[in-house]
Amino acid sequence: MGATPGSIHDDKDASPSKLRRILYDANSLRESESVDDKKLSNVTQGVQWLDVVGLGDSKLLQSIGEVFEIHPLTMEDIVHTHQRPKAEIVGNRLVVMLRLTDHQAPPAFEQVAFVLSGRTLITFQECEGDSFDPVRRRLRESLGRIREHGADYLMYCLIDATIDAYFPMLEEYGRILERLEDEVTISATSQANTQIRETKRELSAIRKISYAHREAMQRLVQDASGQVDATTQLFFRDCVDHATQILEVTESFREVVADLRDLYFTQLSQRTNEVMRVLTVISTIFIPMSFIAGVYGMNFNPEVSVFNMPETQWPFGYPFALFLMASLACFMLGFFWKRGWLTR
C-alpha cells in the first residue's frame, strides 16, 4: 500500500521469472529458452510469442514493458494477480486478463495475462503449468491454420484453451454431485453437509469467474476491431459461447447443490421424526402401565373399608396387575400396527 501507481516491486512469494520465445511463420518455427531480455524487440515478419512464467523478477518485467511500450498501470495489474478478468485496449495494446484453472476439484486459480503488440503476443503466468500444451503442439507440428495467421489468432487459440480448461473441472464436479446425492439419500451425515457447503462455495467462485470471462470475451468481440483482424474477431465469438456455456453449467450445478441441501435437511428431519415416533410409541405404551402402577401404589388400608383396594389382599393381586399391564401394552401395539403407525 502507498506505492507509486504503475511501479513494480519484487515479490518474495512469486515464482522466479523465466522467459521463453517462439518465432514462427507458415514455413518455419524456432523456440528459445531463457531469452536475454536485452535482445527483445518487436518483429516485422512472422509471429513472436513471448511466454513469461513467474512474476518474481521485476527487472525482467520492467524491461519487457519498456521494449513493447506496455503502459505502467497495465504492468502493475499483471504483477498484482488479484485482478478481475477483463479485456481492454490501453494505448495501442490489447490487454486481456483471465483466470487459469488446474482442471481439479476443488480448483486452484492463477492469473494469466495476454498483451498483443503488433506481431508479438506476450503472456504472463504466475507459475509453471498451464493449458497451452495443445497450442504448442499445433505450432510445432504445423497442425491446422495456426501458423498461417497472425499473433491475434494465436491469442484466440490460447484464450480458447484457457476457457475450455474449465470443462474437465465441471465434469469432475458433476461426478462429485452424483456421489453426494447418493450419500445424502442413504444417510444425511454431517460430513455430507460439510461437503455440500464446500461445493457450493467453490461453484460460487467459478460462477463469478465465468461471468467475468464472458464479459471480457464480449468486450473483445465488440471493441477489439482495431487490434484484431476481422476474421479472427469472428473466432472470439466461439469463446463467448464457451464462456456462456460454462456459466450455464455452473448455474445448473448450483441449483443441484441447493436441491441437495434441501434433501439433506429433509432426510435429517425425517430421521428425527422416526426417532420421535419410536419414543412416542414407547411413552404411550407406558402411560397406562404407569397409571395402573400408580393406582396400586396409593396404599389405602383395605381393613378400614371394603372399597379400599380389596384386591391387594387377594393372593393373585400382583400377577393380575402385571397381566393387566401386559394386556394393555399388547392391545395398544396391535392398535398402532393396524393403523400403520409402526411401519414406514
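What comes next concerns the included structure. (Residues numbered from 1 in each chain as written. Predicted model: local features only at pLDDT ≥ 70, side-chain atom pairs only at ≥ 80, totals over all residues. Heavy atoms only, no water.)

### Some thoughts on the overall build of the protein chain
A tally of regular secondary structure across the protein chain gives eight helices and seven strands. Each principal axis of the C-alpha distribution contributes one length, and for the protein chain these read about 125 × 45 × 35 Å. Going through the 344 residues of the protein chain one by one, you find that 41% of them count as buried. For the protein chain, long-range pairs separated by at least 24 residues make up 67% of all intrachain contacts whose partners lie at least 6 apart in sequence. Per element, the accessible surface of the protein chain, about 19300 Å² overall, is 53% carbon and sulfur. (Helix = DSSP H or I, 4+ residues; strand = E, 2+ residues; numbered from the N terminus. Buried < 20%, exposed > 50% of the residue type's maximum accessible area, 1.4 Å probe, protein only. Contact = heavy atoms within 4.5 Å. Areas by Shrake-Rupley, 256 points an atom, 1.4 Å probe, with all protein chains shown as cover.)

### Details of the sheet that holds strand β3 (residues 47-53)
By way of backbone hydrogen bonds, the strands of a sheet pair with one another, either parallel or antiparallel. The strand order β2-β1-β3-β7-β6-β5-β4 describes an open sheet built from seven strands, whose pairing is mixed. Here the strands that pair on one side only, and so sit at the sheet edges, are β2 (29-33) and β4 (86-90). The mean inter-strand angle of the sheet, taken between neighbouring strand axes irrespective of direction, is 15°. In this sheet, β2 lies alongside strand β1 (residues 18-24) in antiparallel orientation, the contact comprising five bridges. Residue pairing in the sheet places L23 in a bridge with R30 of β2. Along the sheet, helix α1 (residues 58-67) makes contact with β1, β3 and β7 (120-125), crossing β7 at roughly 155°. (Pairing = 2+ DSSP bridges. Axes fitted to C-alpha atoms, helices over the stretch in contact; angles between N-to-C directions.)

### Focus: the packing of aromatic side chains
Under the counting rule described, the total for this entry stands at nine aromatic pairs. Summarising the aromatic geometry, the rings of F114 and F132 are spaced 6.2 Å apart at their centres and angled 55° between planes, so their arrangement reads as tilted. Of this pair, F114 sits in strand β6 (residues 109-117) while F132 sits in the loop between β7 and α3 (133-141), placing them 18 residues apart in sequence. Aromatic ring contacts, followed pair by pair, group Y153, Y156, F235 and F236 into a single cluster. (Phe/Tyr/Trp six-rings, centres within 6.5 Å; stacked < 30°, edge-to-face > 60°.)

### Considerations on the pattern of salt bridges
Close approach of charged atoms lets side chains of opposite charge pair. Inspection of the entire model under this criterion finds 16 salt bridges. Between D77 and K86 there is a salt bridge; the shortest N-O distance is 3.1 Å. Residue class for D77 comes out buried when judged on its relative accessible area of 17%. For K86, a relative accessible area of 22% gives the class partly exposed. Here R84 makes a salt bridge to E215, at a shortest N to O gap of 3.1 Å. (Salt bridge = Lys/Arg side-chain N within 4 Å of Asp/Glu carboxyl O.)

### A look at helix α8 (residues 317-339)
In an α-helix, one turn spans 3.6 residues, which is why side chains three or four residues apart end up on the same side. For α8, which comprises 23 residues, the first-to-last C-alpha distance of 33 Å matches the rise-based estimate of 33 Å (1.5 Å per residue) to within 8%. The complete set of buried residues in α8 reads G317, A321, M325, A329, M332 and F336. Elements that come into contact with the buried residues of α8 comprise α7 (230-295). Remark: G340 follows α8 within two positions and exhibits a positive phi of approximately 80°. (Expected span 1.5 Å × (residues − 1).)

### Remarks on the packing of helix α4 (residues 151-164) against helix α5 (residues 166-186)
Running from N to C, α4 and α5 cross one another at 5°; their axes reach a closest spacing of 5 Å. When the axis of α4 is compared with that of α5, the two are roughly parallel. Residues T162, I163 and D164 of α4 form the contact with α5, whose own contacting residues are Y166, F167 and P168. Along the lines of polarity and charge, the residues of the contact of α4 with α5 split into four nonpolar, one polar and one charged. (Parallel < 35°, antiparallel > 145°, perpendicular 65-115°, else oblique. Nonpolar A, V, L, I, M, F, W, Y, C, P; charged D, E, K, R; others polar.)

### Remarks on the state of the cysteines
This structure, assessed with the given rule, holds zero disulfides. The cysteine C157 is free of any disulfide, with C239 supplying the nearest cysteine sulfur at 8.9 Å. Accessibility expressed as a relative area gives 3% for C157, which makes it buried. (Disulfide = S-S within 2.5 Å.)

### Digging into the pairing of β6
Of all nine residues in β6, eight are buried; the element is thus mostly enclosed. Bridge count for strand β5 (residues 93-101) against β6 is eight bridges, and the pairing is antiparallel. Along β6, the bridge assignment pairs V95 with V115. As defined by bridge partners, β6 adjoins β7 across six bridges and the pair is classed as antiparallel. What sits directly across from V112, in β7, is Q125. Connecting the antiparallel pair β6 and β7 is a turn made up of two residues, with G118 showing a positive phi of about 65°.

### Focus on α1
Turning to α1, its buried residues are S58, L60, L61, S63, I64 and G65. Those residues of α1 that are buried lie in contact with β1, β3, α2 (72-79) and β7. Looking at where α1 begins, the residue whose side-chain oxygen comes 3.2 Å from the main-chain nitrogen of K59 is D57. Directly beyond the C-terminal end of α1, a positive phi value near 55° is found at E69. (Polar contact = N/O pair within 3.5 Å; in protein donor to acceptor, adjacent residues only side chain to side chain.)

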